[in-house]
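Structure assessment
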Amino acid sequence: MHNHCTSPAWKRSTMEWLLIAVATCLLASCPVKGDDWRWEYEEGLRHYSEEALKKEYPEKTRPASFKHPPFRCPDMTPSTSIPTSVELVKAADIKVIAALGDSLTTAIGANATTVLGIPIEFRHVSWSIGGYGTFQDVITLANIIRLFNPSVVGPAPTKTVHGTPAPLSETGFNLAVTGHNTFNLPGQTRHLIDTLKTYEGVNFDEDWKLLTILIGMNDICDYCKDKSLFSVENFVHYMSVSLEMLMNEVPRLIVNVVQILPMETLREVQKPTPGCLLQRSFCSCLVKPATGSADLKELIEVNLQFQTALEQLLYSARFFKSDFAVVLQPFLKYADPPRHPNGKIDMSFFTPDCFHFTMKGHEELAKGLWNNMFQPEGEKFMVESFSNPIQLMCPPVDHPYIYTKPNAVKTGQSPQPGPPSSGGSHLTTFISPITALASLLF
């Protein structure tokens, strides 16, 4: 086998070898200290048969020949001079794009066709910052911005593998980390600030920057394991600390904070396939409680409290000044999973683990976020169901700027006071790691 795999006919890219290493590591049950996500993944795989691990889900990827129709707007030009006010920034004025968060932003498994492909982070197709190809190849916020400013810095150019260190040349400014909770956000934020300050292609003081943050769903998934650590108070605290770091240190920055999903309906994302066993590992506090149980009711209430607390934090003047704004983009607040006409979940939107989004899901998130950016507070579009594809809007001709001014500022409300601080099993079945390569489309 060794000689066959190293012959010229079997030459592979670095990424393919990394993927083989991941699969091989799983076979050997390599320990990864402090990596709860990897432990959960390995624990989930323990329940799979060889047949289940090999099973292909071709409907979860996209043909390489697929193209979206072009997207054009009446005004795609930058401002005549670099804006000095955060209220007058057009899409074409954005010079730098970045993203922070968890596995939804690393796009884990987003183009995987097998369960073994789940550890691949398809950052280059991530909804908020993927930089694969062009808009016609995949709709991401970064690829939409590129239509207005082709030289924007930061889109993620390629895949990475969870647990394997990746340089900026692979991640771009997608500095999200799979498995992270909100208490990890200040660390991600520090990493981003230090990166922006030292990156050669960024004029730190002059360039307008756009950052998207979506985090908190893992706090819900882990809530029953430590109700103090994953409390609403801590969620608000660590979010506030991170946003204050950005406001104090990064000039000319617009931050999209995306409202977290209502997660109860993810319990419906089940299918009679072993792939859904991973859902029980990744979000046990949500998936395991019985329907109608006190534990489930408590978790649903906590999910709602997270959403409300984020609104209370950000529908204020606290994070707004002349060259900086944090905007809550609420399009996911009521989102229902995509369904077929018969009401059943459309599984083509979900990866083989039945928990994360495929490219189809990522594209809907990208469109929802873009639309929200050009809608004022109180008039922002809310997704009711992903069953209905979102139609991209152009920036309004009479207001071609990203909406950044909170209603609280318009009504003269003073900034809000800050919230109080708060403080494995082994895979025994033999599977050829080559089966994992089926998940490589790009």
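Everything in this summary refers to the structure shown in the same document. Note that this is a predicted model, so its numbers are computed, not measured.

Notes on the nonpolar core
One recurring pattern in soluble globular proteins is that nonpolar side chains are buried together. Among the nonpolar cores identified, the biggest contains 118 residues, and Leu243, Leu246 and Val255 are the most heavily contacted of them. Ignoring sequence-local partners within four residues, the contact set of valine 255 consists of Leu211, Ile213, Leu243, Leu246, Phe324, Ala325, Val326 and Val327.

Things to note about the pairing of strand 4 (residues 208–214)
Side chains on a regular strand alternate between the two faces of the sheet. Of all seven residues in strand 4, seven are buried, a share of seventy percent or more. Here strand 4 shows a buried face lined by Trp208, Leu210, Thr212 and Leu214 and a second buried face lined by Lys209, Leu211 and Ile213. Here strand 1 (residues 94–101) pairs with strand 4 via seven bridges, running parallel. Bridging from a neighbouring strand, leucine 100 pairs with isoleucine 213 of strand 4. For strand 4 and strand 5 (residues 253–258), the ladder comprises five bridges, and the chain directions are parallel.

Quick notes on the packing of aromatic side chains
For the coordinates displayed, the defined rule picks out nine aromatic pairs. Between phenylalanine 235 and phenylalanine 306 the ring centres are 4.5 Å apart and the planes differ by 20°, which places this aromatic pair in the stacked class. Of the two residues, phenylalanine 235 is situated in helix 10 (residues 232–249) and phenylalanine 306 in helix 13 (residues 294–314); the sequence distance between them amounts to 71 residues. The same class applies to phenylalanine 235 and to phenylalanine 306, which are both buried. Aromatic pair tryptophan 370 and phenylalanine 374: ring centres 4.7 Å apart, planes at 55°, arrangement tilted. The burial state of tryptophan 370 is the same as that of phenylalanine 374; both residues are buried. A connected cluster of aromatic rings, assembled from ring pairs, spans Phe148, Trp370 and Phe374. Here lysine 209 stacks its cationic end above the ring of phenylalanine 204, 5.3 Å away from the centre of that ring.

Some remarks on helix 10
Along its 18 residues, helix 10 runs 26 Å from first to last C-alpha, staying within 8% of the 26 Å computed at 1.5 Å per residue. Within helix 10, 13 of the 18 residues are buried, leaving the element largely enclosed by the surrounding structure.

With respect to the state of the cysteines
This structure, assessed with the given rule, holds three disulfides. With its sulfur 2.1 Å from that of its partner, cysteine 73 forms a disulfide with cysteine 394. Between cysteine 73 and cysteine 394 the sulfur-sulfur dihedral comes to about -90°; the bridge is accordingly left-handed. Pair noted here: cysteine 73 is in the loop between helix 4 (50–54) and strand 1 and cysteine 394 is in the loop between helix 14 (359–373) and helix 15 (407–410), with a separation of 321 residues, a long-range link. When its relative accessible area of 9% is taken as the criterion, cysteine 73 is described as buried. With a sulfur-sulfur separation of 2.0 Å, cysteine 224 is cross-linked through a disulfide to cysteine 285. When the S-S torsion is -80°, as for the bridge of cysteine 224 with cysteine 285, the disulfide is left-handed. Taken as a pair, cysteine 224 in the loop between helix 9 (217–222) and helix 10 and cysteine 285 in helix 12 (residues 284–287) lie far apart in primary sequence, 61 residues in all. With a relative accessible area of 3%, cysteine 285 lands in the buried category.

Some points on the sheet that holds strand 1
What the five strands build is an open sheet, ordered 1-4-5-7-6; its pairing is mixed. Every interior strand has two partners, whereas the edge strands, strand 1 and strand 6 (320–321), have only one. Sitting on the sheet, helix 13 is in contact with strand 5 and strand 7 (324–329), with an inclination near 150° to strand 7.

Some points on the packing of helix 8 (residues 185–198) against helix 10
The interhelical angle for the contact between helix 8 and helix 10, taken along N-to-C directions, is 15°, at an axis separation of 8 Å. Here helix 8 lies roughly parallel to helix 10, going by the angle between them. The two elements helix 8 and helix 10 meet at a crossing, and its hand is right-handed. Side by side, helix 8 and helix 10 meet where Leu185, Pro186, Thr189, Arg190, Ile193 and Lys197 of the first sit next to Tyr238, Met239, Val241, Ser242, Met245, Leu246 and Glu249 of the second. Residues that form the contact of helix 8 with helix 10 fall into these classes: eight nonpolar, two polar and three charged.

Side note on the environment of valine 250
Examined against the element boundaries, valine 250 turns out to sit in the loop between helix 10 and strand 5. Taking the relative accessible area as the measure of exposure, valine 250 reaches 3% and is therefore buried. C-alpha of valine 250 to C-alpha of isoleucine 193: the two residues are 57 residues apart in sequence and 7.1 Å apart in space. Valine 250 has contacts with Ile193, Leu196, Phe204, Lys209 and Phe324, leaving out every residue within four places of it along the chain.

Points about the pattern of salt bridges
For the structure on display, the rule yields 15 salt bridges. In this structure, the salt-bridge partner of lysine 67 is aspartate 137, at a minimum N-O distance of 2.4 Å. Here lysine 67, found in the loop between helix 4 and strand 1, pairs with aspartate 137, found in the loop between strand 2 (120–121) and helix 6 (141–148); they are 70 residues apart in sequence, far enough to count as distant. Salt-bridge contacts for glutamate 268 lead to arginine 339; the nearest nitrogen and oxygen are separated by 2.9 Å. In this pair, glutamate 268 is assigned in the loop between strand 5 and helix 11 (277–282) and arginine 339 in the loop between strand 7 and helix 14, connecting sequence segments 71 residues apart. When its relative accessible area of 39% is taken as the criterion, glutamate 268 is described as partly exposed.

Calculation rules
- Residues numbered from 1 in each chain as written.
- Predicted model: local features only at pLDDT ≥ 70, side-chain atom pairs only at ≥ 80, totals over all residues.
- Heavy atoms only, no water.
- Core = buried A, V, L, I, M, F, W, Y, C linked by side-chain atoms within 4.5 Å.
- Buried < 20%, exposed > 50% of the residue type's maximum accessible area, 1.4 Å probe, protein only.
- Contact = heavy atoms within 4.5 Å.
- Helix = DSSP H or I, 4+ residues; strand = E, 2+ residues; numbered from the N terminus.
- Pairing = 2+ DSSP bridges.
- Phe/Tyr/Trp six-rings, centres within 6.5 Å; stacked < 30°, edge-to-face > 60°.
- Lys NZ or Arg CZ within 6 Å of the ring centre and 35° of its normal.
- Expected span 1.5 Å × (residues − 1).
- Disulfide = S-S within 2.5 Å.
- Axes fitted to C-alpha atoms, helices over the stretch in contact; angles between N-to-C directions.
- Parallel < 35°, antiparallel > 145°, perpendicular 65-115°, else oblique.
- Left-handed = near helix turned anticlockwise from the far one by under 90°.
- Nonpolar A, V, L, I, M, F, W, Y, C, P; charged D, E, K, R; others polar.
- Salt bridge = Lys/Arg side-chain N within 4 Å of Asp/Glu carboxyl O.

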